[in-house]
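Structure at a glance
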Amino acid sequence: MRTAVDRVWLRATVLGALLLGGGVAALTLDLPSGDHLRAVVDGAGAVAWPLLVGAVALVLLAPVPRSVVSALVGAVLGFAAGLAVAFAGGMLAAVVAFGLARALGRPAVARLVGSRLDRLAGGRTFVAVLVSRLVPVVPFVAVNYGAGLAGVRPAPFAAATAVGLVPSTLVQVGLGASAGVLFAHLDASVVVPGLVAGLAVLAVGMAWWYRGRTARLARGGV
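Residues numbered from 1 in each chain as written. Predicted model: local features only at pLDDT ≥ 70, side-chain atom pairs only at ≥ 80, totals over all residues. Heavy atoms only, no water.

1. Here we look at the overall build of the protein chain
Counting its secondary structure elements, the protein chain contains 10 helices and zero strands. N-terminal to C-terminal, the α/β element order of the protein chain is α-α-α-α-α-α-α-α-α-α. Counting across all 222 residues of the protein chain, residues that qualify as buried make up 34%. For the protein chain, the share of sequence-separated contacts (at least 6 apart) that also reach a separation of at least 24 residues comes to 84%. Counting only carbon and sulfur atoms, one obtains 73% of the accessible surface of the protein chain, whose full area is about 12,200 Å². (Helix = DSSP H or I, 4+ residues; strand = E, 2+ residues; numbered from the N terminus. Buried < 20%, exposed > 50% of the residue type's maximum accessible area, 1.4 Å probe, protein only. Contact = heavy atoms within 4.5 Å. Areas by Shrake-Rupley, 256 points an atom, 1.4 Å probe, with all protein chains shown as cover.)

2. Comments concerning the confidence of the model for the protein chain
Looking at the protein chain, the pLDDT average stands at 77 and 64% of residues meet or exceed 70. Taken together, the stretch residues 182–192 has pLDDT below 50 and engages in seven contacts with residues farther than four places along the chain or on a different chain. (pLDDT = per-residue confidence, 0-100.)

3. Details of the packing of aromatic side chains
Applying the stated rule across the entire model yields one aromatic pair. Here Phe 98 and Phe 157 contribute two aromatic rings whose centre-to-centre distance is 4.3 Å and whose plane-to-plane angle is 15°, an arrangement assigned as stacked. In this pair, Phe 98 sits in helix α5 (residues 79–113) while Phe 157 sits in helix α9 (residues 154–182), placing the two residues 59 residues apart along the sequence. (Phe/Tyr/Trp six-rings, centres within 6.5 Å; stacked < 30°, edge-to-face > 60°.)

4. Side note on helix α3 (residues 48–60)
Residues spaced three or four apart along an α-helix point in a common direction, a consequence of the helix completing one turn every 3.6 residues. Taking 1.5 Å of rise per residue, 13 residues should cover 18 Å, and α3 covers 18 Å from first to last C-alpha, within 8% of that figure. Along α3, the residues classified as buried are Ala 48, Leu 52, Val 53, Val 56, Ala 57 and Leu 60. (Expected span 1.5 Å × (residues − 1).)

5. Some words on the environment of Phe 87
Structurally, the position occupied by Phe 87 is in helix α5. Setting aside residues no more than four positions away along its own chain, Phe 87 makes contact with Ala 162, Leu 165, Val 166 and Thr 169.

6. Quick notes on the environment of Phe 98
The buried category is assigned to Phe 98, whose relative accessible area is 6%. Taking the C-alpha atoms as reference, Phe 98 lies 5.0 Å from Asn 144; in sequence the two are 46 residues apart. Residues in contact with Phe 98, not counting those within four places in the same chain, are Asn 144, Ala 147, Gly 148, Val 152, Arg 153, Pro 154 and Phe 157.

7. A closer look at helix α4 (residues 66–77)
For α4, spanning 12 residues, the distance from its first C-alpha to its last is 16 Å, which sits close to the expected 16 Å at 1.5 Å a residue. Of all 12 residues in α4, 10 are buried, a share of seventy percent or more. Arg 66, Ser 67, Val 69, Ser 70, Ala 71, Val 73, Gly 74, Ala 75, Val 76 and Leu 77 are the residues of α4 that are buried. Among the residues trailing α4, Gly 78 stands out with phi positive, at a value near 90°.

8. Some details on the nonpolar core
Counting 27 residues, the largest nonpolar core has Val 73, Val 85 and Phe 157 as the members making the most contacts within it. Elements with a contribution of two residues or more to this core: α3, α4, α5, α7 (125–134), α8 (140–150) and α9. With six residues, α5 is the single largest residue contributor to this core. Once residues lying within four places of it in the same chain are set aside, the contact partners of Phe 157 are Ala 94, Val 95, Phe 98, Val 129, Arg 133, Val 143, Asn 144, Ala 147 and Val 152. (Core = buried A, V, L, I, M, F, W, Y, C linked by side-chain atoms within 4.5 Å.)

9. Examining a nonpolar patch on the surface
Taken together, Phe 79, Val 166, Leu 170 and Val 171 make up a surface patch of nonpolar side chains, about 290 Å² in accessible area. Residue contributions to the nonpolar patch peak at three residues, all from α9. Assignment of secondary structure puts Val 166 in helix α9. Given a relative accessible area of 37%, Val 166 falls into the partly exposed group. (Patch = residues over 30% accessible without salt bridge, like charges linked within 9 Å, V, L, I, M, F, W, Y side chains within 5 Å. Salt bridge = Lys/Arg side-chain N within 4 Å of Asp/Glu carboxyl O.)

Here you go:
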């Protein structure tokens, strides 16, 4: 019995170490420049595409803003190819992070809180995950790991993530692709602040809409 308990906490420790390592990497390592990524894509040929998807997923396992990664992909690859890579990489990162949290951390959480999270996660999890994807209030990485720890079922999580990532990925990659064109004519000191401001306005606008929607539902409205 004690051995089983020890394994539960050992797995939780491994998950904590992985998250800590990802956080340190996110704080100390810089994303590659657009020119460097273009050189990699041009030199690798067809194998570059699965490598890029894997690289995007690996980066998004750490607490790195998905908006920045998607915009960078759009700037390097253009809209259509960037959309495919950013979406596939985001989905892969979400599923892997969810699986890691569920396999390594969920048993420890269950021992701490019992069945309370199971009852909560057994409710309208599709809607909850979908709203968290559509309204950029909770960070992407936090939703992934948090859903796995909470015992959300894999199918609703994956389905809501697939639907919820589409609008934000379209916007983020589109902004990045537009910035990639503008970089040929404008200085980066003009384009980058504009890109960041656009993403901030989008986040604030969606958060404001969600807050109003929540208030109306609480009053019994629609």
